[in-house]
Amino acid sequence: MHCNPFQKILSFAIVKTVAIIGAGVAGLASAAYLARAGFKVKVFEKNNFPGGRCAAFVKDGHRFDIGATLLMMPQVYERMFADFGKNFYESLDLLRMNPVYRLWYPDGLALDFSSDLMRMQEQMERIEPGSYGRFLQYMGQSFEAYKVSMKHIIDRNYSNIFQFINPINLIRLYRLNAFGNHYRLASKYFRHENLRTAFTFQNIYVGQNPFHAPAIFSMLPFMELTDGVFFPVGGMNKISEALEGIAMENGVEIRYRTEVARIVIANHRPHPVPPPIWGREPGKGLATGVEMTDGSFLPADIVLANADLPYIYQELLPPGPALKRINRLGYTCSALVFHWGMDAVLPGLEQHNVFVSNDYRENISAVFDGNGIAPEPSFYVHSPARADRTAAPEGQDSVSVIVPVGHLKMAGLYDGKTLRRQTEYRNHEPGIANSPANCQLPTVNWNNVIEQARASVLARLAKEGIPDVEKHIKFEKVYNPEIWQNLFNLSRGATFGSLNHNLMQMGYFRPHNQHGKYRNLFFTGGSTHPGNGVPLTLISARLAAEKIIQQYGER
Ligand SMILES: Cc1cc2nc3c(=O)[nH]c(=O)nc-3n(C[C@H](O)[C@H](O)[C@H](O)COP(=O)(O)OP(=O)(O)OC[C@H]3O[C@@H](n4cnc5c(N)ncnc54)[C@H](O)[C@@H]3O)c2cc1C
């Protein structure tokens, strides 16, 4: 900063106000870190609940997780809680999932994906003799990918490109097959399509195509089997509620139902720090605060945006060259999510189930390269009441079905100019049932797409010996890509990101957590470094807070 030593001491002595846009997990976690460091922190959240995509809604005694359902990388949560003097395992009532999930194949076979190695051996050898030994080798190389990625790519801030691109890192990436694709890597270890699918479909969690995703993502199945997958009794929202509690204990003020309409920029003074590749725009300017949709203004010394990064550039900042780059980036897929309140318990399901359809490649391609949905899509079923009886009334069930679909632009629903407000915004809060009136789009008949997907899911469940599901549905709530876009301001309704993790959107190449021009504007959340999924957004929150504390000092 250009200031004399006295001004510098004065500026460090004055408590700085941070305005945070969004109370997603990353917004809440970064708020807690900053408040603990002595900043005055105010969080503004458009919806009336904490946690964003890690929230739940309850209807007639049935509870549904809106987004995240698998608690992976528990050590990241453990670290976050420990940073605030709390024991993660004592703060939540955690259940370890075993199996992690059941994979239901189109040929009638099933695989319980499990940390119990005897069980894996017995099942895998039945599918492909000799595969268990190769599975152990695959796990060995995935462990390397995991270790190296955590240390050298994920859990660190970058200040220059050479920290990412240097001979040692390139050799590391090459050795880990980072330049090959995940499916091809799995194919070297397994011949049977069922096993290739079992060890690659996890890419879809992070909205990626396994046929294009870097092979380094072999760390996903590794993490599931070794670190374990957990589920908090009461739902994944328990994590968001715990984070909200930690933030408030540290003095954070959270205002719900408060939507930020604009980040106000004043052309004040240039900043001496050379901007990184992200947002490299000449000129000057500082964020002076945030303006709400009701016209009120909150002045702030620092603005930290947790809302989806592309949306921030598209909607809340003055237009600039960075916007063009943002629009050219790769986005994750979207999803149709059915939440069903059932009057009976569905038989045969595990808590997490993946139903793989015929022709895995074609199926994936329809989502990522085609017009949005496969004729017989693969899908995921979450039935939390298997392990957590609080999820549904006694003798009943709460079932969520996630069907991956293309994002709005891919599905031809995006005109390239207006990303949101294509339809009048309506209240899609948890607990408020959708109706055709508020799901309907002018550009696509979502009812038709939903009907097709529902029919296909029901037919597949019936084929697997789970008949008459429709008969037992008491109520249904559906989230389509438009709703994802409007509910959380996710660019293109790309639910799992919005930005994806291709090689050119990882590490230093992923949008940074500080704006290149407005140096008091920071970012945190799934579309920033290191990426999406609850654990990575928690890391993103810590890294963004560290950067702010480094720049402004602990109070
Ligand atoms: C269907 C689905 C399944 C998933 N499954 C898993 C899983 O099993 N495991 C896992 O780890 N992850 C999973 N994820 C991903 C995970 O949920 C997200 O990566 C994570 O919750 C993102 O957190 P965030 O804080 O970055 O963003 P968000 O949760 O999107 O939070 C951003 C917040 O900003 C608010 N906001 C936006 N615009 C404004 C504005 N103008 N003013 C005020 N507030 C605003 C939004 O309402 C939102 O609350 C899943 C996601 C989805 C959608």
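About the thresholds
- Residues numbered from 1 in each chain as written.
- Predicted model: local features only at pLDDT ≥ 70, side-chain atom pairs only at ≥ 80, totals over all residues.
- Axes fitted to C-alpha atoms, helices over the stretch in contact; angles between N-to-C directions.
- Helix = DSSP H or I, 4+ residues; strand = E, 2+ residues; numbered from the N terminus.
- Parallel < 35°, antiparallel > 145°, perpendicular 65-115°, else oblique.
- Left-handed = near helix turned anticlockwise from the far one by under 90°.
- Contact = placed C-beta atoms within 7 Å.
- Nonpolar A, V, L, I, M, F, W, Y, C, P; charged D, E, K, R; others polar.
- Pairing = 2+ DSSP bridges.
- Buried ≥ 20, exposed ≤ 12 C-beta atoms within 10 Å, placed from the backbone.
- Near = placed C-beta within 6 Å.
- Bend = angle between axes of the 7 residues up to and from the residue.

1. Topic: the packing of helix H12 (residues 309–316) against helix H13 (residues 321–328)
Thought 1: Relative to each other, H12 and H13 sit at 140°, their axes nearing to 10 Å. Taken together, the axis directions place H12 and H13 in an arrangement best described as oblique. Once H12 is placed against H13, the crossing between them reads as left-handed. Together, Pro310, Tyr313 and Gln314 of H12 and Ala322, Leu323 and Ile326 of H13 make up the contact between the two elements.
Thought 2: Each residue belonging to the contact of H12 with H13 can be placed in one class, and the counts come to five nonpolar, one polar and no charged.

2. A word on the sheet that holds strand S17 (residues 397–405)
Thought 1: Strand order in the open sheet formed by seven strands is S7-S6-S15-S16-S17-S14-S18, and the pairing between neighbours is mixed. Edge strands, defined here as strands with exactly one partner in the open sheet, are strand S7 (110–113) and strand S18 (473–479). Taking each pair of neighbouring strands and ignoring which way they run, the sheet shows an average axis angle of 20°.
Thought 2: Sheet topology places strand S6 (residues 101–104) next to S7; four bridges connect them, and they run antiparallel. Looking at S7, one finds that Trp104 is bridged to Ala110.

3. Notes on the pairing of strand S16 (residues 379–382)
Thought 1: Going residue by residue along S16, you find Phe379 and Val381 tucked away on one face and Tyr380 and His382 tucked away on the opposite face as well.
Thought 2: Of the pairings in the sheet, the one linking strand S15 (residues 352–355) to S16 comprises four bridges and is antiparallel in character. By the bridge assignment for S16, Val354 is matched with Tyr380.
Thought 3: Relative to S17, S16 runs antiparallel, the two being bridged by three bridges. Residue Tyr380 lies in a different strand from S17, and its bridge partner there is Ile402.

4. Concerning the site of the ligand
Thought 1: Neighbouring residues of the ligand: 38 residues in total, closest Gly22, Gly24, Gly52, Gly67 and Gly525.
Thought 2: Of all the elements in the fold, those that place two or more residues in the shell around the ligand are helix H2 (25–36), strand S14 (334–342) and helix H18 (534–552).
Thought 3: Here the residues of the shell around the ligand are counted per class, giving 19 nonpolar, 15 polar and four charged.

5. Here's the deal with helix H6 (residues 131–154)
Thought 1: For H6, the principal kink sits at Val148 and spans about 30°.
Thought 2: All buried positions along H6 are accounted for by Ser131, Phe135, Tyr138, Ser142, Ala145, Tyr146, Ser149, Ile153 and Ile154.
Thought 3: Its buried side turned inward, H6 meets helix H5 (117–127), helix H8 (182–189), helix H9 (193–198), helix H10 (219–226) and H18.

6. Some details on the environment of Ser378
Thought 1: Examined against the element boundaries, Ser378 turns out to sit in the loop between helix H14 (360–368) and S16.
Thought 2: Residues Ser378 and Val403, 25 residues apart in the sequence, show an inter-C-alpha distance of 6.8 Å.
Thought 3: Apart from the residues lying within four places of it in its own chain, the contact partners of Ser378 are Phe355, Val356, Ser357 and Asn363.

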